[in-house]
Amino acid sequence: LDDDLPLPLLWAEVQSIYQSVVNPADGVALPDVDMAIRRAMELLERVEQAVRSAALFSSNEEVDDINTLDLRYTMVDFYRAKLLPRASNAGGRNPHARLSALKRAKASYHAFLGRAEDL
């Protein structure tokens, strides 16, 4: 069971899935993309919870105060924003579902940029 995986291994799996989805020639077959994206979203949620629990980022810290290796976890919202519109349940032929997925992706981009500005 991967519930006990340390944060760096969770992150490595997220990155692996992200690369396989974004570069399909190198990665997962098309029918497996939705399953891969669901897995990545689950892992991103777990990474986000672990980062919060460990209090890796504080509102009073500047980028110079943060461990360099921990900076990668600021990318959670970026990965989420990139993956959300790629799932087939992100709309396909349904414009309302597509718009909803794009709005969620936009919110994730804004969260990522907001965090980057705060650092």
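Since the structure is predicted, the reported quantities are computational estimates derived from the model, not experimental observations.

Criteria and thresholds
Residues numbered from 1 in each chain as written. Predicted model: local features only at pLDDT ≥ 70, side-chain atom pairs only at ≥ 80, totals over all residues. Heavy atoms only, no water. Axes fitted to C-alpha atoms, helices over the stretch in contact; angles between N-to-C directions. Helix = DSSP H or I, 4+ residues; strand = E, 2+ residues; numbered from the N terminus. Parallel < 35°, antiparallel > 145°, perpendicular 65-115°, else oblique. Left-handed = near helix turned anticlockwise from the far one by under 90°. Contact = heavy atoms within 4.5 Å. Nonpolar A, V, L, I, M, F, W, Y, C, P; charged D, E, K, R; others polar. Buried < 20%, exposed > 50% of the residue type's maximum accessible area, 1.4 Å probe, protein only. Expected span 1.5 Å × (residues − 1).

Undergrad: Help me understand the packing of helix 3 (residues 76-83) against helix 4 (residues 95-118) in this model?
TA: Geometry of a packed helix pair, given as the angle between the helix axes and the separation of the axes. It is at 8 Å that the axes of helix 3 and helix 4 come closest, and there the two elements cross at 160°. When the axes of helix 3 and helix 4 are compared, the pair comes out roughly antiparallel. In this structure, helix 3 crosses over helix 4, and the sense of that crossing is left-handed. Contacts between helix 3 and helix 4 involve Asp77, Phe78, Arg80, Ala81 and Lys82 on the former and, on the latter, Ala105, Ser108, Tyr109, Ala111 and Phe112. Residues of the contact of helix 3 with helix 4, tallied by class, amount to six nonpolar, one polar and three charged.

Undergrad: Can you walk me through the environment of Ala36 in this structure?
TA: The residue Ala36 is located in helix 2 (residues 33-54) in this model. A relative accessible area of 11% places Ala36 in the buried class.

Undergrad: Teacher, can you tell me more about helix 2 here?
TA: Think of an α-helix as turning once every 3.6 residues; residues three or four places apart then point the same way. Here helix 2 spans 31 Å end to end across 22 residues, near enough to the 32 Å set by a 1.5 Å rise per residue. On the buried face of helix 2, the contacting elements are helix 1 (7-22) and helix 3.

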